[in-house]
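# Architecture at a glance
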Amino acid sequence: MTTLSVVVPVFNDAENIESLAREIETVAPETSIIEIIFVDDCSDDATPAKLAELKKSLPMLRVLRHKKRSGQSTALWTGISHARGDLVVTLDGDGQNDPADIPLLYKKYQESVKIAPHTLVAGQRRKRHDNLLRRFSSRTANAIRSFILQDGVRDTGCSLKLFRREDFLSLPFFNHLHRYIPALMKAKDVSISLVDVGHRPRTRGVSKYGFWDRLWVGVFDLVGVRWLLARTKPTVGVTEP
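These figures come from a predicted structure and were not determined experimentally.

### Quick notes on the packing of aromatic side chains
Inspection of every chain in the model, using the stated rule, returns 2 aromatic pairs. Judged by centre distance (6.3 Å) and plane angle (55 degrees), the ring pair of tryptophan 77 and phenylalanine 173 falls under tilted. Taken together, the positions of tryptophan 77 in helix α3 (residues 72-82) and phenylalanine 173 in the loop between α6 (165-169) and α7 (181-187) put the pair 96 residues apart, joining distant regions of the chain. Tryptophan 77 gets classed as partly exposed once you look at its relative accessible area, which sits at 38%. Overall, the relative accessible area of 41% leaves phenylalanine 173 in the partly exposed class. Seen in terms of ring centroids, phenylalanine 163 and phenylalanine 168 are 5.6 Å apart; in terms of plane orientation they differ by 15 degrees. Their pairing is stacked.

Shown next, in the form of C-alpha cells:
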C-alpha cells in the first residue's frame, strides 16, 4: 500500500500548530497518512513546548528541530528526507492551507499516476484571503515566473502539494527551492496535475515574509532557476531486453 507523510515547516507558529495537527489527523484515515512531521526552524516562541506537549496525545506526530534557523526550503528538505512515506504532502504551518483538501490531492494523484507514474499534484488557491498588497504581489510574481519558466502553474505559492518522496529528493537543493518545485520537477519529466483548493484567512500569528524581500529574492532566484532549467537533462528511461 502506498503510504503518505505530511510535512509542515513551522517557525514561531505556536498559536496554529495544535489545531492544524488535529485537522490533519482527522483526514488521515482517508489518505493513508502514516505520520505528520513538523519541522521547527529554530522557533523562539512557545512552538517547541507546544509540539512537545502535542506529541503526548498524537502518536503519529514526529517533531524535528533545526539547531540553526535555515529557512522554509531547508525545513522542507529536512522533513522530506526524514519521511517514511512513499508520498509526501506539504503545507504551511500558518493554518491558511486547509488539511481538508488533502484527500482531493490524494484522489487526483491516484487518477493521474495510472497514466504518469511520476506525478506532482499542486494545489491552486481559488480565492486568497490576504490583504490587497499581498494578493497583488503574489499575482505579479506568479505571472512573471510562469512566463519565464513555462511551468504551467498559476499559483506556485500555494504550499499544498503532493508528490513522490524520491522525486523531490532528486532535485538540486538551493535556498528558496520551495517556490520552484513544479518547474524543477517538470524538467525531470514529472507530470504536473492541478487541483483548486481553499485558502483560509490568517487568524493567528503574523506573516514571515514582506513585499520587498519577496520581490528582490524572487528576481534573483528566477535568473538562477532559468539557468538551471536550461541545463537540466530529462530523465532517460532504460530497459534491458
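### Looking at the environment of tyrosine 109
Note on placement: tyrosine 109 falls in helix α4 (residues 102-112). We classify tyrosine 109 as buried; its relative accessible area is 8%. For the pair formed by tyrosine 109 and leucine 194, sequence separation is 85 residues and the distance between their alpha carbons is 9.8 Å. In this structure, tyrosine 109 is in contact with Leu87, Pro117, Thr119, Val121, Leu162 and Arg164, ignoring residues within four places of it in sequence.

### As for the packing of helix α1 (residues 17-31) against helix α2 (residues 47-55)
Running from N to C, α1 and α2 point in directions that differ by 35 degrees, and their axes come no closer than 10 Å. In this structure, α1 meets α2 at a crossing whose hand is right-handed. On α2, the residues that touch Ile17, Glu18, Ala21 and Arg22 of α1 are Thr47, Lys50, Leu51 and Leu54. When its residues are assigned to classes, the contact of α1 with α2 shows 4 nonpolar, 1 polar and 3 charged.

### Brief notes about the pattern of salt bridges
Going through the model one piece at a time under the given rule, you end up with 10 salt bridges. A salt bridge links arginine 22 to glutamate 25; the nearest nitrogen and oxygen atoms lie 3.3 Å apart. In this pair, arginine 22 and glutamate 25 are both assigned in helix α1, 3 residues apart and thus about one turn of the helix distant. Its relative accessible area of 26% is what places arginine 22 among the partly exposed residues. When its relative accessible area of 29% is taken as the criterion, glutamate 25 is described as partly exposed. Arginine 62 serves as the salt-bridge partner of glutamate 35, at 2.9 Å between the closest nitrogen and oxygen. With glutamate 35 in strand β2 (residues 33-40) and arginine 62 in strand β3 (residues 61-65), the pair connects residues that are 27 residues apart, well separated along the chain.

### Here's the deal with the nonpolar core
Nonpolar side chains in soluble globular proteins tend to end up buried together. Of all hydrophobic cores here, the largest spans 30 residues; its most connected members are Phe38 and Leu162. Counting residues per element, this core draws most heavily on α1, at 6 residues. Beyond its immediate stretch of four places on either side in the chain, phenylalanine 38 contacts Val8, Val10, Ile17, Leu20, Ala21, Leu51, Leu61, Arg62, Val63 and Leu64. If you look at the next biggest cluster of nonpolar residues, it comprises 23 residues, including Ile80, Ala83, Tyr180 and Val190.

What counts, and where the lines are drawn
Residues numbered from 1 in each chain as written. Predicted model: local features only at pLDDT ≥ 70, side-chain atom pairs only at ≥ 80, totals over all residues. Heavy atoms only, no water. Phe/Tyr/Trp six-rings, centres within 6.5 Å; stacked < 30°, edge-to-face > 60°. Helix = DSSP H or I, 4+ residues; strand = E, 2+ residues; numbered from the N terminus. Buried < 20%, exposed > 50% of the residue type's maximum accessible area, 1.4 Å probe, protein only. Contact = heavy atoms within 4.5 Å. Axes fitted to C-alpha atoms, helices over the stretch in contact; angles between N-to-C directions. Left-handed = near helix turned anticlockwise from the far one by under 90°. Nonpolar A, V, L, I, M, F, W, Y, C, P; charged D, E, K, R; others polar. Salt bridge = Lys/Arg side-chain N within 4 Å of Asp/Glu carboxyl O. Core = buried A, V, L, I, M, F, W, Y, C linked by side-chain atoms within 4.5 Å.

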